[in-house]
Amino acid sequence: MINDREIIETMQMFNDQHLDIRTITMGISLMDCAAPTVEESCNRIYDKICKYAGKLVETGELISKKYGIPIIHKRISVTPISIVASACGAKDYTPFAQVLDKAARTCGVNFIGGFSALVQKGYTNSDKVLIESIPDALAATEFVCSSVNVASTRSGINMDAVRDMGVIIKKTAEATKESGALGCAKLVVFANAPEDNPFMAGAFLGPGEPECVINVGISGPGVVKHALEGVKGKDFGTVAETIKKAAFKITRVGELVAREASERLRVPFGIIDLSLAPTPAVGDSVARLLEEFGLETCGTWGTTAALAMLNDAVKKGGIMASSYVGGLSGAFIPVSEDEGMIAAARSGSLKLEKLEAMTCVCSVGLDMIAVPGDTTAETISGIIADEMAVGTFNNKTTAVRLIPVPGKTVGDSVEFGGLLGTAPIMDVNRASCADFIHRGGRIPAPIHSMRN
Amino acid sequence: MNQEKNTAVVTVLGRDRVGIIADVSRLLADYGINIKDISQTILDDIFTMVMMVDLKDVVIEESDISEKLGELGKKLGVQITIQHTGLFNAMHTI
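These notes cover the structure that comes with them. None of these values were measured; they are calculated from a predicted model.

Scanning chain B from terminus to terminus reveals 3 helices and 4 strands. Taken over the C-alpha trace, chain B has a radius of gyration of 13 Å; the compact-globule value for 94 residues is 12 Å, and the two agree within 12%. Over its C-alpha atoms, taken along the principal directions, chain B stretches across nearly 35 × 30 × 20 Å. By residue count, 31% of the 94 residues in chain B fall in the buried class.

Quick look at the structure:
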């Protein structure tokens, strides 16, 4: 029997602490949409996505009403387009991005991920075409997200791809400069990209995934912060216990929604992604949650330790609540999407180097960080290389989503609106790494990749 | 999802006034929703009413009930929500 206290506690989580399901993401395999011509392939893609995901948004809304749970996004992830398009022989994959955009619009979802390539060990011809197409594809579409996996613990780091992505990010910024380089907010460079991630912009459906699958991403930094407010001054054992309990409850909500969506849509349930995902709303910030540990401002000494412990305790609580946990599963620290991170970056307490250190102990990486427009492609590649090394050598996912905003410099900020938020332009180390980046080739896989 | 009975929790949060229970129960009765249990308390100075209801004989779409209750809540100046009990069982029981 449920008691009133539990009911009221639950109501407060939804009303005051911003608990929500961040996303129900339907993964759709497009393997069977490969065709000898672009037109034929695009037709198959459109028809298949609309057939599978036509009821996704409606179903999400029904579940939301049944349980009184806000479900913020309904999204779609697809097989990396570099694989699907490889048979058509085209020299530009922008039409594929456009058809994804059209399908997303028809289905009513707000993002579709999978304009992607997996190049950790090297390029196929199709991967090259896809990567070259990214700037135009992102400029020509509204809902499409792109990602490129350039490194993995098993394969090492593809430094040719790291070099090329620096250039592609610059070109994407230029192609979308009218909107503050918004294209770069939809482009992620990965190490160890998960194949079942429901979160954008990095979602795609990996080659090992089923025909169609429902993955759910939870949220809830506000709930954990509220729980910590009740244990001020207590020792870390108490803090860990408190986070675990809150994470358990949050994850159970995710599991409930995922199971019900799976049943209603007759699509198998894949995973719950246990990520604390912030939004720019006050009270929904990971930075403020870290400050609740006892830090004056996020970014000061102690931040990495607090984040490590938070991330670990969330997983320990969440893993008990669902047997199928996957995706990124770690606290997100996107700067522009987190009110506390924005404040810490503006005050100078949070710097790029500290963010890099923080990514050693959480997912996902240097995320939604605006840098000066005159940052060189080589410097961007250098930042990517460091972040990829963190992921590759620590056997974890890391990512880079940098936004070099044309015409802006340190002290300015760029406004994306909505959940993408506002990004203060952050300073970067200007010493050159160009000779390092132009070496090319691959950084070999670390010794601990050899587990067999 | 159908393992649990088709029951839901209706919560009313806000300032107390005459006739809240009457208005809410009339709306529920109109749609064939039976009230199994009802309790009210003042929590952090907020009037809180919790009703357990049975949706077995409900005569409208479940998703429409929350809208109807939301509209009534606006009229009365309180927040009224309905949530399937599956949510509370998932979150608070192992």
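Glancing now at the interface of chain B and chain A. The partner chain A presents 21 residues to the 24 residues of chain B that form the contact. Elements with a minimum of two residues in the side of chain B that touches chain A: β1 (7-14), β2 (34-43), β3 (46-54), α2 (62-76), β4 (78-84) and α3 (85-92) of chain B. Ranked by residues supplied to the side of chain B that touches chain A, first place goes to α3 of chain B with 8 residues. Of the residues assigned to the side of chain B that touches chain A, the class counts are 10 nonpolar, 13 polar and 1 charged.

When a strand is regular, its side chains alternate between the sheet's two faces. All names here are of chain B. With respect to burial, β4 is a largely interior element, 5 of its 7 residues being buried. Examined bridge by bridge, β1 and β4 share 7 bridges and lie antiparallel to one another. When the bridges of β4 are listed, Val9 appears paired with Gln83.

Attention now moves to the sheet that holds β4 of chain B. Residue and element names in this part refer to chain B. If you trace the 4 strands from one edge of the open sheet to the other, you get β2-β3-β1-β4, paired in antiparallel fashion. The open sheet terminates on both sides in strands that have one partner only, identified here as β2 and β4. If you compare each strand with its neighbour and ignore which way they point, the axes differ by 15 degrees on average. Pairing geometry for β1 and β3, over 8 bridges, is antiparallel.

Structurally, Lys91 of chain A is set in the loop between α4 (81-84) and α5 (94-107). Taking the C-alpha atoms as reference, Lys91 of chain A lies 44 Å from Leu256 of chain A; in sequence the two are 165 residues apart.

Right, let's talk about the environment of Ile76 of chain A for a bit. All names here are of chain A. With respect to the helices and strands, Ile76 occurs in strand β2 (residues 71-78). Its 26 C-beta neighbours within 10 Å are what place Ile76 among the buried residues. Distance in space between the C-alpha atoms of Ile76 and Leu182 is 20 Å, their sequence separation being 106 residues. Residues within four places of Ile76 in sequence aside, it is in contact with Thr25, Met26, Ile28, Ile49, Ala53, Ala104, Cys107, Val109 and Ile112.

So, on to the nonpolar core. All names here are of chain A. Ranked by internal contacts, the top residues of the largest apolar core, which has 174 residues, are Ile112, Val150, Val257, Ile369 and Ile403. Ranked by residues supplied to this core, first place goes to helix α9 (residues 236-265) with 12 residues. Look past the residues within four positions of Val150 in its chain and what remains in contact with it is Val119, Gln120, Ile157, Asn158, Ala161, Val162, Met165, Val189, Phe190, Ala191 and Met388.

All names here are of chain A. End to end, helix α6 (residues 125-140) covers 23 Å across 16 residues, agreeing with the expected 22 Å (1.5 Å per residue, within 8%). At Ile134, α6 shows its maximal kink, close to 50 degrees; a proline, Pro135, follows between one and four residues later. Of all the positions in α6, only Ser126, Asp127, Val129, Leu130, Ile131, Ser133, Ile134, Pro135, Ala137 and Leu138 are classed as buried. Buried residues along α6 sit against α4, α5, β3 (112-118), β4 (144-152), α7 (159-175) and β6 (187-191).

Here the focus is unusual backbone geometry. Residue and element names in this part refer to chain A. Following Met200, the chain continues into Ala201 via a peptide bond in cis, with omega recorded as 10 degrees. Mapping Ala201 onto the fold places it in the loop between β6 and β7 (212-218). Backbone geometry places Met368, a non-glycine residue, at a positive phi of 55 degrees. Along the chain, the position of Met368 falls in strand β9 (residues 365-372). Met368 gets classed as buried once you count the C-beta atoms within 10 Å, which come to 23. Even without a glycine there, the phi angle at Asn395 is positive, about 60 degrees.

What counts and how
- Residues numbered from 1 in each chain as written.
- Chains lettered and ligands numbered in written order.
- Predicted model: local features only at pLDDT ≥ 70, side-chain atom pairs only at ≥ 80, totals over all residues.
- Helix = DSSP H or I, 4+ residues; strand = E, 2+ residues; numbered from the N terminus.
- Rg over C-alpha atoms; globule rule 2.2 N^0.38 Å.
- Buried ≥ 20, exposed ≤ 12 C-beta atoms within 10 Å, placed from the backbone.
- Contact = placed C-beta atoms within 7 Å.
- Nonpolar A, V, L, I, M, F, W, Y, C, P; charged D, E, K, R; others polar.
- Pairing = 2+ DSSP bridges.
- Axes fitted to C-alpha atoms, helices over the stretch in contact; angles between N-to-C directions.
- Core = buried A, V, L, I, M, F, W, Y, C linked by C-beta atoms within 7 Å.
- Expected span 1.5 Å × (residues − 1).
- Bend = angle between axes of the 7 residues up to and from the residue.

Without other data, these values stay purely geometric and don't point to any function.
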